Amino acid sequence: MAIEARNVTKRFGDFLALDDVSISVESGSLTGLLGPSGSGKSTLLRVIAGLETPDTGEVFISGKEATAVAPQKRGVGFVFQHYAPFTHMTVWDNIAFGLSIRRRPKEEIHARVTELLELVQLNGLGKRYPSQLSGGQRQRMALARALAAEPELLLLDEPFGALDARVRKELREWLLRLHDEMHVTTIFVTHDQEEALEVADNVVVMNAGRVEQVAPPRELYDHPANPFVMSFVGPVNRLGEAWVRPHDIEITHEPNGVAQEAQVERIVRLGFEVRVDLVRDDGERLHVQLTRNEAEVLELAPSDIVYVRTRVERTFSENGEPTRPAPSSVS
């Protein structure tokens, strides 16, 4: 394991930010910390970086205990959401700064900064100042600066959170390519489910200072460990004691003995996906996802009367353990 946090607890006054948290991160992996605001994900990242000291528990980096090791001696690169570059320095000097204070030879600094500018696709922009860059370019500069000293571990605290949706998507794709090239063990914090599921090898879902589940994205979505994960990761309908994904609901125009009557309230077309909001005859509201082809065949319109059935329902026991998903006609 590259990183281990063992039984970490952290309080800020009366607020319990981390409650006996343990995680293990494989060397060379890309791990996402996912959860709502206040779930403890940024605090855990800061404890790993050495920016916060846990009240109890231990942190190990590359097999060595690092709980009491100073941040600058942990071999960690850190990028915050609101990155504050040295505005009076050029892009080149910002990236070179960490190497300069370590008194690396000028030839080494020149070679490393040149390599990083190419790696983060800022070739030819080294003489510009941060104010002359776009938001996405500034974040790439921040990543280059964090990578300059060749850290063992790269920690990203919502690095794309302040950017617009298009730029965020571009940077997610870029981060994946960068990781494939460098294989630096990376942990990133996000509250964006899509971002975590798209980028991470493994996702740590946190809530109220505790770890709810650790799993690869597909397993997390298809086999949630408890109702919180089911409700937080991906869209879902709650029907009594059952949980149903929007793509696990079938719509037809004719009753078939197992479907239930519903009325179409709203239709939203999003490229390949069509979202349909329904109200069943028992008053339950449903959100349904269809492919564009499915929607074209159905020719749905607002106020249409249709018939729906759930293909798969998931339920959980009283202690939150998942029961076996099973086909269902109507909840």
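Structure: above.
Residues numbered from 1 in each chain as written. Predicted model: local features only at pLDDT ≥ 70, side-chain atom pairs only at ≥ 80, totals over all residues. Heavy atoms only, no water.

Caption draft 1: Fine view of the packing of aromatic side chains. Evaluation of the coordinates by the stated rule reveals 2 aromatic pairs. Consider the rings of phenylalanine 228 and phenylalanine 232, whose centres lie 5.5 Å apart with planes at 10°: the pair is stacked. Of this pair, phenylalanine 228 and phenylalanine 232 are both found in helix α8 (residues 227–232), 4 residues apart, which corresponds to roughly one turn of the helix. In this structure, arginine 6 is placed above the aromatic ring of phenylalanine 60, and the distance from its NZ or CZ to the ring centre is 3.9 Å. One cation-aromatic arrangement involves arginine 245 over tyrosine 221; the distance from NZ or CZ to the ring centre is 4.1 Å. (Phe/Tyr/Trp six-rings, centres within 6.5 Å; stacked < 30°, edge-to-face > 60°. Helix = DSSP H or I, 4+ residues; strand = E, 2+ residues; numbered from the N terminus. Lys NZ or Arg CZ within 6 Å of the ring centre and 35° of its normal.)

Caption draft 2: Highlighting the side chain of glutamine 137. Mapped onto the secondary structure, glutamine 137 falls in helix α4 (residues 135–147). Residue classification places glutamine 137 among the buried positions, given a relative accessible area of 19%. Polar side-chain contacts of glutamine 137 include one of 2.9 Å to the backbone nitrogen of serine 134. When residues no more than four places from it in sequence are discounted, the contact partners of glutamine 137 are Leu122 and Leu125. (Buried < 20%, exposed > 50% of the residue type's maximum accessible area, 1.4 Å probe, protein only. Polar contact = N/O pair within 3.5 Å; in protein donor to acceptor, adjacent residues only side chain to side chain. Contact = heavy atoms within 4.5 Å.)

Caption draft 3: View of unusual backbone geometry. Even without being a glycine, aspartate 20 presents a positive backbone phi close to 60°. Here aspartate 20 lies in strand β2 (residues 15–25). Positive phi, normally seen in glycine, also occurs at serine 303, with a value near 80°. Tracing the backbone through its elements, the reader meets serine 303 in the loop between α9 (292–298) and β17 (305–310).

Caption draft 4: A look at the pattern of salt bridges. Using the criterion set out here, one finds 16 salt bridges in the structure. One salt bridge connects glutamate 194 with arginine 172, and the closest N-O pair in it is separated by 3.2 Å. Taken together, the residues span a long stretch of sequence, with glutamate 194 in helix α6 (residues 193–199) and arginine 172 in helix α5 (residues 165–182) at a distance of 22 residues. Given the relative accessible area of 5%, arginine 172 is considered buried. Between arginine 309 and glutamate 250 there is a salt bridge, and its shortest N-O distance comes to 2.8 Å. With arginine 309 in strand β17 and glutamate 250 in strand β13 (residues 249–252), the pair connects residues that are 59 residues apart, well separated along the chain. For arginine 309, a relative accessible area of 25% gives the class partly exposed. Classification of glutamate 250 as partly exposed rests on a relative accessible area of 22%. The network of salt bridges with common partners includes Arg172, Glu194, Glu195 and Glu198. (Salt bridge = Lys/Arg side-chain N within 4 Å of Asp/Glu carboxyl O.)

Caption draft 5: Representation of the pairing of strand β4 (residues 56–61) in the model. Where strand β1 (residues 3–12) lies against β4, 5 bridges are found, and the strand directions are antiparallel. In the strand pairing of β4, alanine 5 is matched with valine 59. In the sheet, β4 pairs with strand β5 (residues 64–65) via 2 bridges, with the strands oriented antiparallel. Residue pairing in the sheet places isoleucine 61 in a bridge with lysine 64 of β5. Following β4, the chain reverses through 2 residues before pairing antiparallel with β5; serine 62 in that reversal takes a positive phi of roughly 55°. (Pairing = 2+ DSSP bridges.)

All quantities given are derived from atomic positions and should not be read as evidence of function.
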